[in-house]
Amino acid sequence: DTGVSQNPRHKITKRGQNVTFRCDPISEHNRLYWYRQTLGQGPEFLTYFQNEAQLEKSRLLSDRFSAERPKGSFSTLEIQRTEQGDSAMYLCASSMGPNNEQFFGPGTRLTVL
Amino acid sequence: GQQVMQIPQYQHVQEGEDFTTYCNSSTTLSNIQWYKQRPGGHPVFLIQLVKSGEVKKQKRLTFQFGEAKKNSSLHITATQTTDVGTYFCAGPRERAGKSTFGDGTTLTVKP
C-alpha cells in the first residue's frame, strides 16, 4: 500500500498523559499536513511542513502540541498533558505541492479519559 | 481569519433526486477543492477548480467555481445510495500555503 499511513489507529489515554502519533506520507510528497476533526466538523488545520520545514502552525494550537518532520519523510505529532478536549480524530495528509490534491491517511482516533 | 461556510449542513433525499451543496469563503480563493468522506472513513479528493467561473463534470457530479472565486457548488444528478457521505470544500486564500475546510454537507439517500 503506497498511501498515507498513520499509527496508531486508536489511542486511549488518561488525562495528563503525553501521546505521540506518527504519519508516513506518500514518499514523493514534499508537503505534509496535520488536521484535527471532531464529529460534525470539517478537518481543522493544525500545522504543515514543506520537506522538513514547519511552515505554519495554527494559532488555535496550544503549546502542548508539537510536530516534527526530521528528515522530510515521516512526521510525528505529540500532545503533552492531554485534556479531555483533545479527544478527536487526528488526520494526516500529504501532497506534491501547495495547490495539489491532498491524500489523507486513515487517522488516529484519540480518546482522553 | 479565513472562513469557509457550507450549506446545507444535512440533506436527505430519495434515491434518484438531485442534490446541491454550496460553499462560500470569506476571502478570495486561489483554488477550490472538493472532498468526500464516507461514514467512518477519511476525506478523499474529488476535484480541484482553479479558474474563475470554471465548471467541471465527473459523470453525475457537476462542480462550479464562482466568478469572484469566493464560492463554489457541487451538484449531483439522480443520486444513488453510493453517493452517501459528507462533502467538504476546501481552499487556500490567495498566496496562502494552507487550505481551510468547510464543515461539510452530509448527504443521506433513501433507497
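Look up a bit, the structure's there.
Because the structure is predicted, anything quoted here is derived from the model rather than measured. (Residues numbered from 1 in each chain as written. Chains lettered and ligands numbered in written order. Predicted model: local features only at pLDDT ≥ 70, side-chain atom pairs only at ≥ 80, totals over all residues. Heavy atoms only, no water.)

## Description of the interface of chain B and chain A
Move 1: Contacts between the two partners involve 18 residues from chain B and, on the opposite side, 19 residues from chain A.
Move 2: Together chain B and chain A conceal approximately 1500 Å² of surface at their shared face, both sides included; 49% is due to carbon and sulfur atoms.
Move 3: Contributions of two or more residues to the side of chain B that touches chain A are made by strand E4 (32-37) and strand E5 (44-49) of chain B.
Move 4: The element contributing the most residues to the side of chain B that touches chain A is E4 of chain B, with 3 residues. (Contact = heavy atoms within 4.5 Å. Buried area = accessible area lost by both parts, 1.4 Å probe. Helix = DSSP H or I, 4+ residues; strand = E, 2+ residues; numbered from the N terminus.)

## Digging into unusual backbone geometry
With glycine set apart, most residues show a phi of negative sign, and most peptide bonds adopt trans.
Move 1: Each neighbour pair has its own omega, and for Asn7 of chain A with Pro8 of chain A the value is -10°, a cis peptide bond.
Move 2: Examined against the element boundaries, Pro8 of chain A turns out to sit in the loop between strand E1 (5-7) and strand E2 (10-13).
Move 3: In the segment running from Ile7 of chain B into Pro8 of chain B, the intervening peptide bond is cis, with an omega of -5°.
Move 4: Within the secondary structure, Pro8 of chain B sits in the loop between strand E1 (4-7) and strand E2 (10-14).
Move 5: In the Ramachandran plot, Arg81 of chain A falls in the positive-phi region, its phi being about 50° despite a non-glycine side chain.
Move 6: Residue position: Arg81 of chain A is located in the loop between strand E8 (75-79) and strand E9 (88-95).
Move 7: The exposure class assigned to Arg81 of chain A is partly exposed, which follows from its relative accessible area of 46%.
Move 8: Here Ala78 of chain B, not a glycine, exhibits a phi torsion of approximately 50°, which is positive.
Move 9: Position of Ala78 of chain B among the secondary structure elements: in the loop between strand E8 (71-76) and strand E9 (85-91). (Buried < 20%, exposed > 50% of the residue type's maximum accessible area, 1.4 Å probe, protein only.)

## Observations concerning the pairing of strand E6 (residues 55-58) of chain B
All names here are of chain B.
Move 1: Taken together, the 4 bridges between E6 and strand E7 (residues 61-65) define a ladder with antiparallel strand orientation. Bridging from a neighbouring strand, Lys56 pairs with Phe63 of E7.
Move 2: Hairpin remark: E6 followed by E7, antiparallel, with 2 residues in the connecting loop; positive phi at Lys59, about 55°. (Pairing = 2+ DSSP bridges.)

## Some remarks on the side chain of Lys36 of chain B
Residues and elements named next belong to chain B.
Move 1: Among the secondary structure elements, Lys36 is positioned in strand E4.
Move 2: For the buried Lys36, no salt bridge is present, and the opposite-charge side chain at shortest range is Asp83, 4.8 Å distant.
Move 3: In terms of polar contacts, Lys36 uses its side chain to reach the backbone carbonyl oxygen of Thr82, at 2.7 Å.
Move 4: Residues in contact with Lys36, not counting those within four places in the same chain, are His42, Pro43, Val44, Leu46, Thr82, Asp83, Val84, Thr86 and Tyr87. (Lys, Arg positive; Asp, Glu negative; His and termini not counted. Salt bridge = Lys/Arg side-chain N within 4 Å of Asp/Glu carboxyl O. Polar contact = N/O pair within 3.5 Å; in protein donor to acceptor, adjacent residues only side chain to side chain.)

These figures capture arrangement, not role.
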